[in-house]
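# Residue-level structural notes
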Amino acid sequence: MNRPTALWVSPVSSLAGVARHVLDVAQVGIPGWRMVVSCPSGPLADRLREMDVEVVDLPVETGTAVRSLRATIQQLGPDIVHSHLAKADFLATMASVGTGVKLVSTEHTIPTDRFMYHSNRASAVTMETAHRLRLTRFSRVIAVSAATEREMRRQWHTKVPITVILNGVDRPATLPSREPGLRLLSLARLSKEKNISATIRAFEHITREHPEATLTVAGTGEEDTSLKTLAHRLGLDDKVSFPGFADPDEAMASHDVIMQPSKSDNCSYALLDAVARGMGVAASPIGGNPEILPPRCIAEADDVEALAKVAIRQGLHLGNRPALTDAIPTVAGMTEGISEVYREIVG
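We now turn to the structure provided with this report. Since the model is a prediction, treat every value here as computed from it, not as a measurement.

The next point concerns the overall build of the chain. When helices and strands are counted, the chain shows 13 helices and twelve strands. Dimensions along the principal axes, computed over C-alpha positions, put the chain at roughly 65 × 50 × 35 Å. The buried share of the chain, reckoned over its 347 residues, is 52%. When contacts within the chain are restricted to residue pairs at least 6 apart in sequence, those whose partners lie at least 24 apart make up 69%. Total accessible area on the chain is roughly 15200 Å²; 53% of this is exposed by carbon and sulfur atoms. Seen as two clouds, the 37 positive and the 40 negative side-chain charges of the chain have centres 6 Å apart.

The next thing to look at is the nonpolar core. Ranked by size, the top nonpolar core spans 54 residues in total, and within it Trp8, Leu48, Ile258, Val281, Leu293, Ile338 and Tyr342 carry the most contacts. For this core, the element with the most residues is helix H10 (residues 269-276), which contributes seven residues. The residues contacting isoleucine 258, other than those within four sequence positions of it, are Leu185, Leu187, Met252, Ala270, Leu271, Ala274, Met279, Gly280, Val281 and Ala282. Listed in part, the 27 residues of the second largest apolar core include Ala198, Ile200, Met259 and Val310.

With that settled, the discussion passes to the sheet that holds strand S6 (residues 140-143). Read from one edge of the open sheet, seven strands run S3-S2-S1-S4-S5-S6-S7, paired in parallel fashion. In this open sheet, the two edge strands, each paired with only one partner strand, are strand S3 (54-57) and strand S7 (162-164). Between one strand axis and the next, the sheet turns through 25° on average, direction left out of account. Bridging between strand S1 (residues 5-9) and strand S4 (residues 80-84) involves four bridges; their strand directions are parallel. For tryptophan 8, the partnering residue across the bridge sits in S4 and is histidine 82. Contacting strand S5 (102-107), S6 and S7, helix H6 (residues 146-156) runs over the sheet at an angle of about 155° to S7.

One face of the sheet, then the other: side chains in a regular strand alternate in exactly this way. Relative to strand S10 (residues 240-244), strand S9 (residues 214-218) runs parallel, the two sharing three bridges. Of the residues in S10, the one forming a bridge with threonine 216 is serine 241. In the classification by handedness, the crossover that spans S9, the intervening helix H8 (residues 224-233) and the parallel S10 is right-handed.

Structurally, the position occupied by threonine 5 is in strand S1. A polar contact is formed between the side chain of threonine 5 and the side chain of arginine 34, at a distance of 3.2 Å. When near neighbours in sequence (up to four residues on either side) are disregarded, threonine 5 contacts Trp33, Arg34, Val36, Pro78, Asp79 and Ile80.

A few words on unusual backbone geometry. With phi around 80°, leucine 85 is a residue other than glycine that occupies positive phi space. Among the secondary structure elements, leucine 85 is positioned in the loop between S4 and helix H4 (86-95). Judged by its relative accessible area of 25%, leucine 85 falls in the partly exposed class. Unusually for a residue other than glycine, histidine 157 sits at a positive phi of about 55°. By secondary structure assignment, the location of histidine 157 is in the loop between H6 and S7. Taking relative accessible area as the criterion, histidine 157 reaches 47% and is therefore assigned partly exposed.

Okay, the packing of aromatic side chains next. Applying the stated rule across the entire model yields one aromatic pair. Their ring planes at 70° and their centres at 4.9 Å tell us that tryptophan 33 and tyrosine 342 sit as a pair that is edge-to-face. Pair noted here: tryptophan 33 is in the loop between helix H1 (18-28) and strand S2 (34-39) and tyrosine 342 is in helix H13 (residues 331-346), with a separation of 309 residues, a long-range link. When its relative accessible area of 4% is taken as the criterion, tryptophan 33 is described as buried.

Quick look at the sheet that holds strand S12 (residues 280-283) now. Here five strands make up an open sheet; going across it, the order is S10-S9-S8-S11-S12 and the pairing parallel. Each having just a single partner strand, S10 and S12 make up the two edges of the open sheet. On average, each strand axis in the sheet is tilted by 25° relative to the strand beside it, whichever way the strands run. Here strand S8 (residues 183-187) pairs with strand S11 (residues 257-260) via two bridges, running parallel. Within the sheet, the bridge partner assigned to leucine 184 lies in S11 and is valine 257. The sheet contacts of H10 involve S8, S11 and S12, and relative to S11 the element is tilted by about 160°.

Basis of the calculations
Residues numbered from 1 in each chain as written. Predicted model: local features only at pLDDT ≥ 70, side-chain atom pairs only at ≥ 80, totals over all residues. Heavy atoms only, no water. Helix = DSSP H or I, 4+ residues; strand = E, 2+ residues; numbered from the N terminus. Buried < 20%, exposed > 50% of the residue type's maximum accessible area, 1.4 Å probe, protein only. Contact = heavy atoms within 4.5 Å. Areas by Shrake-Rupley, 256 points an atom, 1.4 Å probe, with all protein chains shown as cover. Lys, Arg positive; Asp, Glu negative; His and termini not counted. Charge placed at Lys NZ, Arg CZ, Asp CG, Glu CD. Core = buried A, V, L, I, M, F, W, Y, C linked by side-chain atoms within 4.5 Å. Pairing = 2+ DSSP bridges. Axes fitted to C-alpha atoms, helices over the stretch in contact; angles between N-to-C directions. Right-handed = clockwise from strand over helix to strand, strands pointing away. Polar contact = N/O pair within 3.5 Å; in protein donor to acceptor, adjacent residues only side chain to side chain. Phe/Tyr/Trp six-rings, centres within 6.5 Å; stacked < 30°, edge-to-face > 60°.

None of the figures reported here should be taken as evidence of function without further support.
Here is the structure:
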């Protein structure tokens, strides 16, 4: 019996961000469904092909991408087109006109601050209106946290049914052995919304009481120079390292606490992985963080003294570190949730 087809559309070619979600789902599979991915040429497409996942190239230029995606829809005849990130949502909306295919979107990130990615109110309102209108074409939206659902309804006033499915993470067969320590880690894009400057300022507070502490700021981005300047100004050159890209598994294995006082997070894979690996966590209460972390792991994004205290307790007292709850699904549990959404839509 032929399985129904879900065409996943991702506008990114790198292995960062939404690619983790795509790869996890592709690895496990969507129960009862054939998964085909349309994405630009690059590392994500290469990795998917190595996994024997069907991949269709998606051009980067919008006009060409719409025509290409429409041709793919007409050729494959998928039962579902499942798009990820705003660009893919708009592409799917335009490319599917007249095809009758059912549309599903997963909303991975929507900041509580509606002006975070907009220079003025007019720009924000225009984009919110565009999101509200394009979602009228969708049969269902999947939100990666309850906070994401709330913001979609608050900012976009969407009436489309929303299903919350948290990002899934598998539990290691054996929890890594951990010792108390203050080897601190930031593992995120070096961008304004990740608020890494607060991590560095909090670390300066930590070093006053614990001069043995170290901080690794792993990642790349537009804030690289300003963050290095801040560390130098605070006299932390010998305690803070900026290695650029770092392998997440290796970085988490060699550090004690991950610090993430972000101003925009929804269901952070970095935090989920850190918890699964027995790390301490010091994070902001933004987005879905309170859904995956206990209060003892949370401090306000710009309260650097509180953030420092959380990090110290998480580093030195193993009993304070968080654990994955049953509310956080495994990857297979996540894909089963996606399959259930599909079944509800197509019958």
